[in-house]
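# Observations on chain architecture
Each chain is listed here by its residues.
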Amino acid sequence: MRRGTAGLARELEVRGASIDDVLDLLDASMTLLDRNGRVVWQNATSIARVGNRRGMSFLALMAPDYRPMAEVEFKRLLFGNDVSSRREVVVVSPDGQRMRSISFGIPIRSANRVSGVLAFGVPLNWDDEVQAAPELTPRMRETLDLLVAGLSTAEIATELGVARETARNHIRGVLRRLDVHSRVAAVARARALGLVPTKPEG
């Protein structure tokens, strides 16, 4: 029995198809990155969703607020012992539209080093059950807890020991990271993500 991608390619060829055609028909984006994080190949779905980014950093595919986390994940795959990663991310289309996606990263190993990363992206609707929560900094988590408690901006500033404008910036940061536009939506989304306890009944 033939195994691996080479075996699949041969079996598809026998049936009059090519592996390139199959990969382009997948409803999942596939992107190959080199060790420097540059995009060296994309399937048709990836190009349709985020544009042709070949030669660019993979961070160009991400919404700005997801880039720090994505960079950490890439380095973990490059230098760590992880065999894969799985995260919810938000990517950006050529016209600036934000799209939720579950991203899977697989390190490509050559000899004893990682030579690149193959990333798969599976789209999510905004109302889909959340599969992975975005990471919050300690300060974001403090701010979120205070939002959940129902504190005003002035009260949050007092609790954090910062100026009111700084508290506003922390709140904006939480809203961006959770990809919502209001405090109420932030609390609801945080509960759905399991970042804070669900509201007790009654």
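Here is a short report on the structure shown in this document. (Residues numbered from 1 in each chain as written. Predicted model: local features only at pLDDT ≥ 70, side-chain atom pairs only at ≥ 80, totals over all residues. Heavy atoms only, no water.)

For the coordinates displayed, the defined rule picks out 10 salt bridges. For Glu142, the salt bridge identified is with Arg139, shortest N-O distance 3.4 Å. Of the two residues, Glu142 and Arg139 both sit in helix 5 (residues 138-148), three residues apart, roughly one turn of that helix. Residue class for Glu142 comes out partly exposed when judged on its relative accessible area of 39%. Put simply, Arg168 and Glu165 hold a salt bridge, and the shortest N to O gap is 3.1 Å. Taken together, the residues span about one helical turn, with Arg168 and Glu165 both in helix 7 (residues 164-178) at a distance of three residues. On the basis of relative accessible area, Glu165 is assigned to the partly exposed category, the value being 39%. Here the residues in one salt-bridge network are Asp65, Arg98 and Asp179, joined through shared partners. (Salt bridge = Lys/Arg side-chain N within 4 Å of Asp/Glu carboxyl O. Helix = DSSP H or I, 4+ residues; strand = E, 2+ residues; numbered from the N terminus. Buried < 20%, exposed > 50% of the residue type's maximum accessible area, 1.4 Å probe, protein only.)

Bringing the side chain of Glu88 into the picture now. Position of Glu88 relative to the elements: it lies in strand 3 (residues 85-92). On the accessibility criterion, Glu88 (1% relative accessible area) is buried.

All right, on to the sheet that holds strand 2 (residues 39-42) then. On the basis of which strands lie adjacent, the open sheet formed by five strands has the order 2-1-5-4-3 and antiparallel pairing. What marks the edges here is a single partner per strand, and that holds for strand 2 and strand 3. Adjacent strand axes in the sheet meet at a mean angle of 30°, parallel and antiparallel pairs treated alike. The sheet contact formed by strand 3 and strand 4 (residues 98-110) spans eight bridges and is antiparallel. Note that in strand 4 the partner of Val91 across the bridge is Met99. The sheet contacts of helix 4 (residues 67-79) involve strand 1 (29-34), strand 3, strand 4 and strand 5 (113-123), and relative to strand 3 the element is tilted by about 140°. (Pairing = 2+ DSSP bridges. Axes fitted to C-alpha atoms, helices over the stretch in contact; angles between N-to-C directions. Contact = heavy atoms within 4.5 Å.)

The next point concerns the nonpolar core. Grouped together as the largest cluster of nonpolar side chains are 21 residues, with contacts concentrated most on Leu33, Phe58, Met62, Tyr66, Phe74, Val89 and Val91. Elements with a minimum of two residues in this core: helix 4, strand 3 and strand 5. Take this core: its biggest share by element is five residues, from helix 4. When sequence neighbours within four positions are dropped, the list of residues in contact with Met62 reads Arg67, Ala70, Val89, Val90, Val91 and Val92. Among the nonpolar cores identified, the runner-up in size contains 20 residues, and Ile156, Ala167, Val174 and Ala186 belong to it. (Core = buried A, V, L, I, M, F, W, Y, C linked by side-chain atoms within 4.5 Å.)

Moving on, we come to helix 4. Spanning 13 residues, helix 4 covers 18 Å between terminal C-alpha atoms, matching the ideal 18 Å at 1.5 Å per step. Inspection of helix 4 places Met69, Ala70, Glu73, Phe74, Leu77 and Leu78 among the buried residues, and these make up the whole buried set. Those residues of helix 4 that are buried lie in contact with strand 1, strand 3, strand 4 and strand 5. (Expected span 1.5 Å × (residues − 1).)

Now for the packing of aromatic side chains. By the definition in use, this model includes one aromatic pair. Measuring from ring centre to ring centre gives 5.1 Å for Phe58 and Phe74, while their planes differ by 35°; the resulting arrangement is tilted. Taken together, the residues span a long stretch of sequence, with Phe58 in the loop between helix 3 (44-50) and helix 4 and Phe74 in helix 4 at a distance of 16 residues. (Phe/Tyr/Trp six-rings, centres within 6.5 Å; stacked < 30°, edge-to-face > 60°.)

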